[in-house]
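# Structural overview for review
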Amino acid sequence: MDWINAIIQGALLGGLYAMFAAGLSLIFGVMRLVNIAHGDLIVLSAYVALTTSVGLGLNPLLALVIVVPVMAGFGYALQRLVLNRTMGDDLLPPLLVTFGLSIIIQNALLMGYSADPQKLQAGPIETASVNLGPITLGVMPVMVFAIAVAVIAGLQWMFYRTALGRAFRATSDRQDIAQLMGLNRAHVFGLAMALSLAVTAIAGVFLGIRTSFDPAAGASRLIFGFEAVIIGGLGNLWGTLWGGIILGVAQTLGAKINPGYQILAGHIVFLLILAVRPRGLFPRMDG
Amino acid sequence: MAAILELAGVLKAFGAITVADDQSWSLGTGEALGVIGPNGAGKTTMFNLVTGTLPVDGGAIRLAGEDITDWPAARRCRAGLARSFQVPQPFGAMTIFENAFVAATQGAGLAPAEAEDLCLDVLDRTGLLRKANTMAGGLTLLERKRLELARAMCAKPRVLLLDEIAGGLTDHECKSLIETINGLRSTGISIVWIEHVVHALLAVVDRLIVIDFGRKIAEGEPRAIMDSREVRKIYLGIEADA
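Since the model is a prediction, treat every value here as computed from it, not as a measurement. Every chain's residues receive numbers from 1 upward, in the order its sequence appears when written. Lettering for chains starts from A, numbering for ligands starts from 1, and both go in the order in which the items are written. Where totals are concerned, whole chains, interfaces and linings use all residues; where local detail is concerned, this predicted model gives features only for residues with pLDDT of at least 70, and gives and counts side-chain atom pairs only at 80 or more.

### Focus on the sheet that holds strand E8 (residues 190-194) of chain B
All names here are of chain B. Two strands form a pair only when DSSP identifies at least two bridges running between them. Segments assigned H or I by DSSP are reported as helices when at least four residues long, segments assigned E as strands when at least two residues long, and all are numbered from the N terminus. Pairing is mixed in the open sheet, where 6 strands are placed in the order E6-E7-E8-E3-E9-E10. In this open sheet, the two strands that pair with only one neighbour each are strand E6 (81-83) and strand E10 (215-220). In this sheet, adjacent strand axes meet at a mean angle of 20° when their direction is disregarded. Pairing of strand E7 (residues 159-163) with E8 involves 5 bridges; the strand directions are parallel. Within E8, the position partnered with valine 159 by the bridge is serine 190. Each axis is a line fitted through C-alpha atoms, taken for helices only over the stretch in contact, and angles between the N-to-C directions span 0 to 180 degrees.

### Comments concerning the packing of helix H2 (residues 38-56) of chain A against helix H3 (residues 60-81) of chain A
Residues and elements named next belong to chain A. Where H2 contacts H3, the two axes come as close as 9 Å, and the packing angle between them is 125°. Accordingly, the angle class assigned to the pair H2 and H3 is oblique. Crossing handedness for the pair H2 and H3: right-handed. Here Ser45, Val48, Ala49, Thr52 and Ser53 of H2 lie close against H3, whose contacting residues are Pro60, Ala63, Ile66, Val67, Val70 and Met71. For this classification, Asp, Glu, Lys and Arg are treated as charged, while Ala, Val, Leu, Ile, Met, Phe, Trp, Tyr, Cys and Pro are nonpolar and the rest, including Gly, are polar. Among the residues forming the contact of H2 with H3, the class breakdown is 8 nonpolar, 3 polar and no charged. In what follows, roughly perpendicular refers to angles from 65 to 115 degrees, roughly parallel to angles under 35, roughly antiparallel to angles over 145, and oblique to any angle outside these ranges. Note on convention: the crossing is left-handed when the near helix lies turned anticlockwise from the far helix by less than a right angle, right-handed when the turn is clockwise. Working definition of a contact: two residues with C-beta atoms, positioned from the backbone, lying within 7 Å.

### Thoughts on the packing of helix H9 (residues 218-232) of chain A against helix H10 (residues 237-257) of chain A
All names here are of chain A. Closest axis-to-axis distance for the H9/H10 pair is 7 Å, and the angle between their directions is 120°. Comparing their axes, H10 and H9 come out oblique. In this structure, the crossing between H9 and H10 has a hand that is right-handed. Of H10, the residues touching H9 (which contributes Phe224, Glu227, Ala228, Val229, Ile231 and Gly232) are Gly239, Thr240, Trp242, Gly243, Gly244, Ile246 and Leu247. Classifying every residue of the contact of H9 with H10 by side-chain character gives 7 nonpolar, 5 polar and 1 charged.

The following block contains the structure:
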């Protein structure tokens, strides 16, 4: 029964990883930008939530109402003012710039908040749980998973049913032709980054409620995000959710064997899947 | 007839090769202008310059009197310039409807509901309605060519640039294409049409220009141009020593 419990906890944790990954996947899908700063942006969101919730005396869950638009606005400005200037046929310049951004964010957080671990206090909901027979489910993990599913369903709907989503897909498909159809590339890219950071903000707040974080916590979140995207198959959002779940389950099962194996088990499963299915489990089928 | 599109001394060279050599011509509002010339004469390049895919080296391009020479491609499209490609360039991972929808919402700037109506109407007129939900990546050449036209029409252009849209079509298909284009003209759209299928061109255009080595070498009434000795010599490559 312990094992089943571990699998369920892992799957719920996977929802959080899927949210780390969704923003990363969106940016890569729309503009072929590999955002090395993504993990640090998750942590930055957690700090923005910390400041808002402490400063205004808000529950961090309510602080989302402020953190999400702030991060989205930051994303749009970041893309228009900085990253768009580096975008072109070459993937390397934007990658290097986001690498620099990662260092800048980490050090700015270190200056502003010190290296001490912080945590977002969401109150009694953090420890609330429901008993389902022999299995006990935490209310928070279930809520995070439900929100992850809702976020991915929302992104999926946006991509395939709205004018903006079709603009994203047209840009992803053929950038040059999209511009001849009246798409302003700089603006579309800005919107994609805004949306990515809106999702990132949600992920960052839940990360901060779940565990303590410090300015250097971004790197491992970036790797979890990448692994979830690649396990699921690039460009497939539901696949990304599965990627997050597989990674989460691998980690909790690893921890069950030996607490030291948690992270290692995740990486090993990732490498195994990469070896067997290099395009991920659910690669996108397209023309 | 006021000029809707005007090129004044447009220059473009790739290294030592001049692809647009002091090109000047204008398109009247509601006019259909045909463009002919041998392969490699710089016809498609001229479209790339007009739509903003390539920057000009010199000269000016004006749309409805406004200088658009330095405008990015997207802005030119929203201002009313749309083109079709000789080699169809659909968004392959999107459906036919979605291809048209992007042009209608972005190029024509329509709200989703209006855009949907426009797309369905255009797809109906171009014979693609039954395939509206098919992925554009899996279409036949004829369907791709129709999609090129449909997508350009959904951007609600004031000036439509057609690049060899009749090439590779059967006589019957060509006839229905001519009807579609003449139908478009009656809605007031001005057209520039590059075409090798001369009989299709002559069924539509009011005026012809001939381009060779990036230079405009003749211009005038279509029949007169086709009969002129210079055009027969350069374009058709016959009677060189007659």
